[in-house]
Amino acid sequence: GVSFMVDIVESNPNLTYEVGFIDNKIESTSDMRRLCTATRRNNSVLAPPLTTLGLMSHTFDGNNQKMVQTILKSSRDHIKELWLCENGIGLVGARVIANYLA
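Everything numeric here is computed off the predicted structure, so don't read it as measured data.

Enquirer: Lay out helix H1 (residues 2-11) in plain terms, naming residues and giving numbers.
Expert: All buried positions along H1 are accounted for by Val2, Met5, Val6 and Val9. Down the axis of H1, the sector holding all buried residues measures 100°, keeping them to one side. In H1, the exposed residues that point more than 90 degrees away from the buried face are Phe4 and Ser11. Structurally, H1 contributes buried residues whose contacts are with strand E1 (18-22) and helix H2 (29-38).

Here it is in structure tokens:
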């Protein structure tokens, strides 16, 4: 699923500002980094970076410190809205987010 989504994001200039990934479990931080980095669209002269990324409904383990850090770091330069709904963000994930925002 991640390779498919990365291909769509990188090659489709019709995606103008927003992309969502729903109910597709991303298990590895390297796959998450690939997806978040693809939204920059560095390889495309036709399309600007996306500004909204939705990772919703059990897409990742929200209580995994490395995963949450990967999402925040990989998307910080270009993503203005990040949706992390229904991913089980517990105490560990919440601390990572709070420290990032501080």
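Enquirer: So, the sheet that holds strand E3 (residues 81-83): which residues are in play, and what are the values?
Expert: One open sheet holds the 3 strands; their spatial order is E1-E2-E3, and the pairing between them is parallel. With partners counted over all chains shown, the strands left at the sheet margins are E1 and E3, one partner each. Neighbour-to-neighbour, the strand axes of the sheet open up by a mean angle of 10°, direction not taken into account. In this sheet, strand E2 (residues 52-56) lies alongside E1 in parallel orientation, the contact comprising 5 bridges. Note on E2: the bridge partner recorded for Glu18 is Thr52.

Enquirer: Outline the state of the cysteines, supporting the account with residue identities and numerical values.
Expert: Evaluated as defined, the whole model comprises 0 disulfides. No disulfide involves Cys36; its sulfur sits 15 Å from the nearest other cysteine sulfur, which is in Cys85. A relative accessible area of 0% means that Cys36 is categorised as buried. Overall, the relative accessible area of 40% leaves Cys85 in the partly exposed class.

Enquirer: Give me the lowdown on the packing of helix H3 (residues 65-75) against helix H4 (residues 91-101), citing residues and values where you can.
Expert: Here H3 crosses H4 at 30°, and the two axes come no closer than 9 Å. By the angle class used here, H3 and H4 are roughly parallel. As H3 packs across H4, the resulting crossing turns out to be right-handed. Contact residues: Gln65, Val68, Gln69 and Leu72 in H3; Val92, Gly93, Val96, Ile97 and Tyr100 in H4.

Conventions we followed
- Residues numbered from 1 in each chain as written.
- Predicted model: local features only at pLDDT ≥ 70, side-chain atom pairs only at ≥ 80, totals over all residues.
- Heavy atoms only, no water.
- Buried < 20%, exposed > 50% of the residue type's maximum accessible area, 1.4 Å probe, protein only.
- Helix = DSSP H or I, 4+ residues; strand = E, 2+ residues; numbered from the N terminus.
- Arc of directions from axis to C-beta.
- Contact = heavy atoms within 4.5 Å.
- Pairing = 2+ DSSP bridges.
- Axes fitted to C-alpha atoms, helices over the stretch in contact; angles between N-to-C directions.
- Disulfide = S-S within 2.5 Å.
- Parallel < 35°, antiparallel > 145°, perpendicular 65-115°, else oblique.
- Left-handed = near helix turned anticlockwise from the far one by under 90°.

Distances and angles like these do not, on their own, reveal function.
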